[in-house]
Amino acid sequence: MGQFNLDKIFAPRAVAVVGASDRPGSIGRAVLENIIAGGFAGPIYPVNPTRDEILGLRCRPDLAAIGAPVDLAVVVTAIARAPEIIATCGQLGIFGVIVISGGGKEAGPEGEAIERRMLAAARAQGGGILGAECGGALASGAKLNASFAHLMPTPGSLAFVSQSGATCTAVLDFAVTVGIGFSHFVSIGSMLDVDFGDLIDYLGDDPNTSAILLYMESVTNHRKFLSAARAVSRVKPIVALKVGRSAAGAKAAKSHTGAMAGEDAVFDEAFSRAGIVRVDTVGDLFDCAELMAKQPRPKGPNLAIISNAGGPAVMAADYLASHGIDPVEPSPQTIAKLNAFLPPFWSKGNPLDILGDASPETFQRVAEVCLQAPEFDAILVLTTPQAQFPSSDKARALCRSLCNSEAPVFTCWLGGQEVQESRDYFRRAGIPTYDTPERAVQAFLYLWQYERNLQALNELPSNLPRQLVFDKDWAEAIVRQALTEERGLLSETESKNLLESYGIPVTPTRRAPSAQEAAVQAAQMGFPVVLKLDSPDITHKSDAGGVELNLASAEEVRRAFDRIMASARRYDPQARLRGVTVQPMVRRQGVELILGAKKDPGFGPVILFGMGGLAAEVMGDRAIGLPPLNRLLARRMIERTKVSRLLAGYRNLPATDLTLLEEVLVRLSQLVVDRPEIVELDINPLLTHEKGCIALDARVMVEPSPLASPLHLVISPYPAQFERHLVTRSGLGVFVRPIRPEDGQGMADLFRAFSPRTIWLRFGQALTQMPPDRLARYTQIDYDREMALVVLAEDGREHELLGVGRVVGEPGRETAELGLSVADAWQGQGIGRELFASLVEVARARGFQRVEGLVSPDNAVMLGMVRRRGGSLELRPDGWLRGVIDLT
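On to the environment of Leu789, then. Turning to its location among the elements, Leu789 is positioned in strand E32 (residues 786–793). What makes Leu789 buried here is its relative accessible area of 0%. Leu789 sits 67 residues away from Phe722 along the chain, and the two C-alpha atoms are 8.5 Å apart. Once residues within four sequence positions are removed from consideration, Leu789 is found in contact with Phe722, Val736, Arg737, Pro738, Ile739, Gly803, Val804, Gly805, Leu835, Ser838, Leu839 and Val842.

Listed below in structure tokens is the structure:
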């Protein structure tokens, strides 16, 4: 749904309530009363064919009888009437609809059919629907309470979006009680049309919203949700409470990876990849949001804990340490400053226990010293009631010092009635305050998590040391043969061949249907060898006694074959036994890992990395990632596991080649990107050592995919279809391709190659350097939302960029913005013309109706390209020209 229609919902000029009623206790009356009581300034039209007037407002029999423009219709009739009402809305130009009525898909097939007709009616007319079965929407800026909530939120900068209407009303009551203000308060309902992705996009662009809070039970369009969140979380916090933590999905898994990558773990990774902070309780949701909305982000995790009470201070320190952050000690310089005015028995450490008789002025001076101390990134002040100094005096003194701090500051005033005035004082001053040390520290931990998420989003990946090559035809043939034969489980040989086609090292594997054939294969391979059961019906070979190691002779191989067959028959008498596979015995010392992939029903392929071996599931040491992976994302996955400490070297175990391990993860990621048929994949174990790594066992399950690559992914991969090898008018051979995250250094070098004039013509301002966060934003793009193309010389250096251009279009819009720049040393050779043409074709392929951009009147080259494309140029008040090219 386009943001234009969301404007109709949240900032309407006029509202109609279809199904309005004067009956006490009815939803139709409650909604109409709320719109009136909220102070909405535009016309309000009750619609009910059986009434002439409701609550003092003239009532219309139907929407057509209004006879005036209406932006928003709130539907509170029986849901069976909703499709007809929505169709009428479209015909009358009412493009915003809120359906509060229940009884849709949650009521069964009949309700599901009604919802399909509702959506078809909206799509036919270009309208948008919030709901169905939702609690409505509240927008403070428009003074709109189009809901059945009993309160209008206090105006503020937080936006709250919930799938649960009941949770909405409870949270609203709590927020009003503690004075938390909102820009928007939205019950999203069944997400028939408007979903989380739409609202994140809309609220991300809203200047009156500083942070977005989500109460989630499920996600419908996972790709749109992640795309919106990745874009918006860079500029404002998104905090999510996702309920429904369940291991039910893992119970049906047929592989280690499937069991270890449960649904909730995938949500955790998706939130992290998108920069979303996930919290566990409603209390955490608002504690975290209040701190984010009122305080700056910390530069690091070092929290100063100032208190006149040793016990609560220790509670705060313990809670901080239990989450992996030890309180940093004050520096000698800071201790010296504090010694100058504190009594000699203060703690001289962190927590800074300044003793029970500390005065308001002492609290203030200690806070000021800590704010200036470079070792501290944030400050928490705790206190308990004292007879000699009222809590409110300390609060007033601290507010004078803390209000304009560049570091986050927050307080914990323990107690009840005596400290309530202080808490109110802090809230009015914009300083978050909490009633327990643990709540205060937890809020800070979430704030630090958000900062780490941003740092991760802005970190630039480096290139792998060699070009990756894949045999995609071989992989396709392996998968196609299994699907043609209607086999879901690939044999071990096929599984290893599939891995080998993408450059993942595997042990040689030969199939042997008999004991004698196994002995022959072993002799040819060289002893010692390993025998493994070959059966399409027994997934975990070790469970069935289907693995024999370190066989040193032909006779040992024959006896092992017989033992494996007998054991497998006892394990599953109905299983099909095809013999064994013969493999060399790998004796190298190293660390056993598990690498895998599974297809999540919502998020698509998921990559797993962790400690491998027989106890992989028991140990549960794993990290999850969403493809596509690059080297940086692969390294982060490795670092999130405990086994990474072994990989760095431990006692007599040498360090692993981590660069090669990163490469294997990137190769595995590319395999599941290219082959949507892969349902589950295990490499267990992958033996890694100082010289490399090798897959000792592999298992792959496939099934036909309804979606072709890359539509099965939630994060759009590199769009190779936009690569072009071209020759400019000057005869220069160039390679035009989409930008990659690894182009960060090339972009920095290109910016340095721009003259001040080129920078002015492109950016409209004087820039001396490219800030790291902007560099990351320009190179780590969401290919679903924008496209940036770079130009390289065919015979030039691999990472030297000659020019760059981009096409950016907001979701739901028909117009995209286009801009480009070419390094000064390469101007005049036709590079800009080829890049411009490529960008226009990208915009056309993406379905945009037109492209536009700002052009300096001095930029003769760009003006000429616009005119040659038949574009128009309009002079703006600031002297620049807006160029528009029609693509239809």
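Now that the structure has been shown, the text picks up again.
A few words now on the nonpolar core. Formed by 60 residues in total, the largest nonpolar core has its most connected members in Phe10, Val74, Ile98, Leu130, Leu214, Phe225 and Leu226. Tallying contributions element by element places helix H10 (residues 263–274) first for this core, with six residues. If we skip the residues at most four places from it in the chain, Val74 touches Val15, Ala16, Val17, Val18, Val31, Ile98, Ile100 and Ala146. With 50 residues, the next largest nonpolar core counts Leu775, Tyr783, Leu792 and Leu881 among its residues.

As paired strands, strand E6 (residues 96–99) and strand E7 (residues 128–131) are joined by four bridges and run parallel to one another. Opposite Gly96, over in E7, you have Gly128 as the bridge partner. Each parallel crossover has a hand, and for E6 linked through helix H4 (residues 109–125) to E7 it is right-handed.

Here the idea is plain: a probe the size of a water molecule rolls over the atoms and shows the empty space left. Looking at the second largest pocket, its volume works out to about 770 Å³. In terms of lining residues, the second largest pocket is bounded by 41 residues, among which Leu820, Asn859, Val861, Met862 and Met865 are the most central. At the level of secondary structure, the elements contributing two or more residues to the lining of the second largest pocket comprise helix H27 (756–763), strand E34 (815–822), helix H29 (831–845), strand E35 (850–855), helix H30 (860–868) and strand E37 (881–886). Among the elements that take part in the lining of the second largest pocket, H30 stands out by supplying seven residues, more than any other. Classifying every residue of the lining of the second largest pocket by side-chain character gives 19 nonpolar, 14 polar and eight charged.

Overall, mixed pairing links the seven strands, which are arranged E9-E8-E11-E10-E12-E13-E14 in an open sheet. Each having just a single partner strand, strand E9 (144–147) and strand E14 (277–279) make up the two edges of the open sheet. Strand-to-strand twist of the sheet, defined as the mean angle between neighbouring strand axes without regard to direction, takes the value 15 degrees. The sheet contact formed by strand E10 (residues 155–162) and strand E11 (residues 182–187) spans six bridges and is parallel. Across the sheet, Leu158 pairs through a bridge with Phe182, a residue of E11. Packed onto the sheet, helix H5 (residues 165–178) meets strand E8 (136–139), E10, E11 and strand E12 (211–216) and runs at close to 155 degrees relative to E11.

Okay, the confidence of the model for the protein next. The predicted model of the protein averages 91 in pLDDT, with 97% of residues at 70 or higher. Below a pLDDT of 50 lies the segment residues 248–261, which in the model reaches 41 contacts outside its immediate sequence neighbourhood of four places, other chains included.

Next up on the list: the side chain of Glu492. Looking at the element boundaries, Glu492 is found in helix H19 (residues 492–501). Polar contacts involving the side chain of Glu492 include one to the side chain of Gln583, which spans 2.6 Å. Dropping the residues within four chain positions of it, Glu492 is found in contact with Thr509, Lys532, Lys541, Thr581, Gln583, Leu696, Asp697 and Ala698.

Take the sheet that holds strand E20 (residues 510–512) next. What links the strands of a sheet is backbone hydrogen bonding, and the strands pair in either a parallel or an antiparallel sense. Across the sheet, four strands lie side by side as E20-E23-E21-E22; this open sheet has antiparallel pairing. The sheet is open, and its two borders are formed by E20 and strand E22 (547–551), each paired with just one other strand. Ignoring strand direction, the axes of neighbouring strands in this sheet form an average angle of 25 degrees. For E20 and strand E23 (residues 580–584), the ladder comprises three bridges, and the chain directions are antiparallel. The residue bridging Ala512 from the neighbouring strand is Val580, located in E23. Most of the contacts of H19 go to E23, to which it runs at about 45 degrees, and overall it touches E20, strand E21 (529–533) and E23. Most of the contacts of helix H20 (residues 515–525) go to E23, to which it runs at about 15 degrees, and overall it touches E20, E21 and E23.

Rules behind the numbers
Residues numbered from 1 in each chain as written. Predicted model: local features only at pLDDT ≥ 70, side-chain atom pairs only at ≥ 80, totals over all residues. Heavy atoms only, no water. Helix = DSSP H or I, 4+ residues; strand = E, 2+ residues; numbered from the N terminus. Buried < 20%, exposed > 50% of the residue type's maximum accessible area, 1.4 Å probe, protein only. Contact = heavy atoms within 4.5 Å. Core = buried A, V, L, I, M, F, W, Y, C linked by side-chain atoms within 4.5 Å. Pairing = 2+ DSSP bridges. Right-handed = clockwise from strand over helix to strand, strands pointing away. 1 Å grid on protein atoms, 1.4 Å probe; cavity = no way out; pocket = protein on both sides within 12 Å on 5 of 7 lines; lining within 4 Å. Points joined across faces, edges and corners; volume = space filled by probe spheres on them. Nonpolar A, V, L, I, M, F, W, Y, C, P; charged D, E, K, R; others polar. Axes fitted to C-alpha atoms, helices over the stretch in contact; angles between N-to-C directions. pLDDT = per-residue confidence, 0-100. Polar contact = N/O pair within 3.5 Å; in protein donor to acceptor, adjacent residues only side chain to side chain.

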